[in-house]
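A look at the structure
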Amino acid sequence: NAGVTQTPKFRVLKTGQSMTLLCAQDMNHEYMYWYRQDPGMGLRLIHYSVGEGTTAKGEVPDGYNVSRLKKQNFLLGLESAAPSQTSVYFCASSPTRPGLYEQYFGPGTRLTVT
Amino acid sequence: AQSVTQPDIHITVSEGASLELRCNYSYGATPYLFWYVQSPGQGLQLLLKYFSGDTLVQGIKGFEAEFKRSQSSFNLRKPSVHWSDAAEYFCAVGAASNTGKLIFGQGTTLQVKP
């Protein structure tokens, strides 16, 4: 099993450009999450999904959109990138109970917006 | 509101020395608590978790953590640190909802001196 994979690994965008980050998991997990990691701030939740076709806002959702059309995929979109969105983005997934909260993380996407 | 505090941003220990990383949480009920480790350039890996029962929990790589309700703490310990333990460590608490969300601390960077 590959676990959680993220595409791409690195990306440089100019301000105002758009892009989509792809997260895929092969563990048949119901729940999926997108985080951003910034120095000294830990991980902050952007959006999450508790099942196919459902999404919800996390702690820092502004400037991002998500979609979960298939259970195994969770897409994070930036419609108009801003320098403040320079960060490392992590996707995670977790099963339902009894494994709820046991999140499995992807390797991350390093995004730079100039 | 729930929160997690890791008081130490950076810790340096000598190889072979013991280690304790501090974590304090704020949560009204019995919390679900976690420690994750992030090696440079990697995603997060679950070290150990506490849900209920024995307050001393064992994890992977020789780590353990003790839940102390009276101190609202969940400190991570290792009796003898190896150079490969150099990484960033995150404490997290499960959010009070059935969504599997985690609230992370700011992280502690561990440096190991030879």
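What this report covers is the structure whose coordinates are included nearby. If you're wondering where the values come from, they're calculated on a predicted model, not measured in any experiment.

**A closer look at the overall build of chain A**
Check the secondary structure of chain A and you find zero helices and eleven strands. Taken from the N to the C terminus, the helices and strands of chain A come in the order β-β-β-β-β-β-β-β-β-β-β. Computed over the C-alpha atoms, the radius of gyration of chain A is 13 Å, within 12% of the 13 Å expected from 2.2 N^0.38 for a compact globule of 114 residues. For the C-alpha atoms alone, the extent of chain A along its principal axes is close to 40 × 30 × 25 Å. Taken over 114 residues, chain A has a buried fraction of 50%. In chain A, 54% of the contacts between residues at least 6 apart in sequence involve partners at least 24 apart.

**A few points about the packing of aromatic side chains**
Residues and elements named next belong to chain B. Counting across every chain of the model gives 18 aromatic pairs over all chains. Between Phe63 and Tyr89, the ring centres sit 5.6 Å apart and the planes meet at 50°, which makes this aromatic pair tilted. On the criterion of sequence distance, the pair formed by Phe63 in the loop between β7 (56-58) and β8 (64-68) and Tyr89 in strand β10 (residues 87-94) is long-range, its members being 26 residues apart. No difference in accessibility class separates Phe63 from Tyr89, as the two residues are buried.

**Notes on the nonpolar core**
In summary, soluble globular proteins display a tendency toward joint burial of nonpolar side chains. Residue and element names in this part refer to chain B. In terms of nonpolar packing, the biggest core is built from 26 residues, with Leu19, Trp35, Leu47, Leu48, Phe74, Leu76 and Tyr89 touching the most fellow members. Of all the secondary structure elements, the ones that give two or more residues to this core are β2 (10-14), β3 (19-21), β5 (33-38), β6 (44-50), β8, β9 (73-78), β10 and β12 (108-113). Examining the composition of this core, we find that four residues originate from one element, β10, more than from any other. With near-sequence residues (within four places) excluded, Leu19 lies in contact with Ile11, Val13, Phe63, Leu76, Arg77, Lys78, Val81 and Leu110.

**Observations regarding the state of the cysteines**
Tallying each qualifying case throughout the model produces two disulfides over all chains. Two residues, Cys23(A) and Cys91(A), share a disulfide whose sulfurs are 1.9 Å apart. Measuring the twist about the S-S bond at about -75°, one finds the Cys23(A)-Cys91(A) disulfide to be left-handed. Of this pair, Cys23(A) sits in strand β3 (residues 19-25) while Cys91(A) sits in strand β9 (residues 87-94); the two residues are 68 residues apart in sequence, bridging distant segments of the chain. Two residues share a disulfide in this structure: Cys23(B) and Cys91(B), whose sulfurs sit 2.0 Å from each other. Judged by the sign of its S-S torsion, about -65°, the cystine formed by Cys23(B) and Cys91(B) is left-handed.

Quick notes on the rules
As a convention, each chain's residues are numbered from 1 in the sequence order in which they are written. Numbering of ligands from 1 and lettering of chains from A proceed in the order in which they are written. Reporting of local features is limited, given that this is a predicted model, to residues whose pLDDT is at least 70; pairs of side-chain atoms are given and counted only at 80 or more, and all residues count toward the totals for whole chains, interfaces and linings. Water and hydrogen atoms play no part in the side-chain values, which are based on all heavy atoms of the structure. Where helices and strands are cited, they refer to DSSP runs of H or I of at least four residues and of E of at least two residues respectively, numbered from the N terminus. Atoms considered for the radius of gyration are the C-alpha atoms alone. The globule rule reads 2.2 Å times the number of residues to the power 0.38. Any residue under 20% of the maximum accessible area for its type is buried, any over 50% is exposed, and the rest in between are partly exposed; the area is computed with a 1.4 Å probe on protein chains only. Only heavy atoms enter the contact rule, under which two residues are in contact if any of them lie within 4.5 Å. Each aromatic pair joins two rings of Phe, Tyr and Trp (for Trp, the six-membered one) with centres within 6.5 Å, and gets the label stacked for planes under 30 degrees apart, edge-to-face for over 60, and tilted for any other angle. To qualify as a nonpolar core, a set must consist of buried Ala, Val, Leu, Ile, Met, Phe, Trp, Tyr and Cys residues joined through side-chain atoms within 4.5 Å. Two cysteine sulfurs form what is called a disulfide whenever their separation falls within 2.5 Å.

All we've got here are geometric facts, nothing functional implied.
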